[in-house]
Amino acid sequence: VLVARNSARTAHKEPVPLLGYSCKNNAQRPCDLCEEGYYCDGKYSKHRCGGPDVFCPLGSYKPTLVERGYYSIGGNNETRFGKNICSPGSFCINGVKRSCPPGYYC
């Protein structure tokens with residue numbers, strides 16, 4: 001998916017992908033949805049999502065913050081692409097799931 005952008009210096013229109021898409025090898029087309037675990041905020045930019053406190057599903061243009069009570073899943077600590085709700089017997093803060101300490105109710 002491409003959008004034409006006018007340039008003040010030239011008379012032609014340069015196609016650029018919508019946010020959440022990336023083009024490979026300086027190609028104008030085809031452009032693909034940004035991969036899971038990554039975000040694409042420009043024509044040729046693809047960035048690792050970040051730490052476990054964020055996740056990037058397919059087509060992300062920026063990382064999504066993991067809410068309290070959820071933990072991030074998929075990929076590695078820098079390329080998470082989903083989230084799950086914290087299960088009984090555990091607690092989740094900043095996208096990380098931890099076991100409930102003995103003597104506490106979680």
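Just so we're clear, the structure is a prediction, and the values are computed from it rather than from any experiment.

### Side note on the overall build of the chain
Right, on to step 1. Within the chain one finds zero helices and twelve strands.
Right, on to step 2. Written out in order from the N terminus, the α and β elements of the chain read β-β-β-β-β-β-β-β-β-β-β-β.
Right, on to step 3. A total of 106 residues make up the chain; the buried ones form 28% of that total.
Right, on to step 4. Within the chain, counting contacts between residues at least 6 apart in sequence, those at least 24 apart form 27% of the total.
Right, on to step 5. As displayed, the chain has an accessible area near 7100 Å², and 52% of this comes from carbon and sulfur atoms.

### Some remarks on the state of the cysteines
Right, on to step 1. Following the criterion strictly, the structure yields four disulfides and no others.
Right, on to step 2. Paired by a disulfide, Cys49 and Cys56 hold their sulfur atoms 2.1 Å apart. Residues Cys49 and Cys56 are joined by a disulfide whose S-S torsion is about 80°; by sign, that bridge is right-handed. Across this residue pair, the class does not change: Cys49 and Cys56 are buried.
Right, on to step 3. In this model Cys86 forms its disulfide with Cys92; the gap between the sulfur atoms is 2.0 Å. Taking the torsion about the sulfur-sulfur bond, which here is approximately 85°, the covalent link between Cys86 and Cys92 counts as right-handed. Of the two residues examined, Cys86 and Cys92, each falls in the buried class.

### Observations regarding the packing of aromatic side chains
Right, on to step 1. Enumeration according to the criterion identifies zero aromatic pairs in this entry.
Right, on to step 2. Positioned above the aromatic ring of Tyr38, the side-chain terminus of Lys46 is 4.7 Å from the ring centre.
Right, on to step 3. Of note, Lys83 hangs over the ring of Tyr70, and the distance from its end group to the ring centre comes to 4.5 Å.

### Focus: the confidence of the model for the chain
Note: predicted coordinates in regions of low pLDDT should not be interpreted at a detailed level.
Right, on to step 1. Residues of the chain with pLDDT of at least 70 account for 75%, and the chain-wide mean is 83.
Right, on to step 2. Per-residue pLDDT stays below 50 along residues 1–12; that stretch engages in 22 contacts with residues further than four places along the chain or on separate chains.

Rules of the game
Residues take numbers from 1 onward in each chain, read along the sequence in its written order. For a predicted model such as this one, the threshold for reporting local features is a pLDDT of at least 70, and the threshold for listing and counting side-chain atom pairs is 80 or more; totals across whole chains, interfaces and linings nevertheless cover every residue. Calculation of side-chain values draws on the structure's entire complement of heavy atoms; hydrogens and water are dropped beforehand. The numbering of helices and of strands both runs from the N terminus, where a helix is a DSSP run of H or I of at least 4 residues and a strand a run of E of at least 2. Working definition: with a 1.4 Å probe on protein chains only, accessible area under 20% of the residue-type maximum means buried, over 50% means exposed, and in between means partly exposed. We call two residues contacting when some pair of their heavy atoms lies within 4.5 Å. Methods summary: accessible areas were calculated by the Shrake-Rupley approach with a probe of 1.4 Å, and residue burial reflects only the protein chains presented. Count a disulfide wherever a pair of cysteine sulfur atoms falls within 2.5 Å. Two rings belonging to Phe, Tyr or Trp (six-membered ring only in the last case) form a pair when the distance between their centres is within 6.5 Å. Interplanar angles under 30 degrees mark stacking, angles over 60 mark edge-to-face geometry, and anything in between is tilted. Note on criteria: charge over ring means Lys NZ or Arg CZ within 6 Å of the ring centre, with the direction from the centre no more than 35 degrees off the ring normal. pLDDT expresses, on a scale from 0 to 100, how confident the predictor is about each individual residue.

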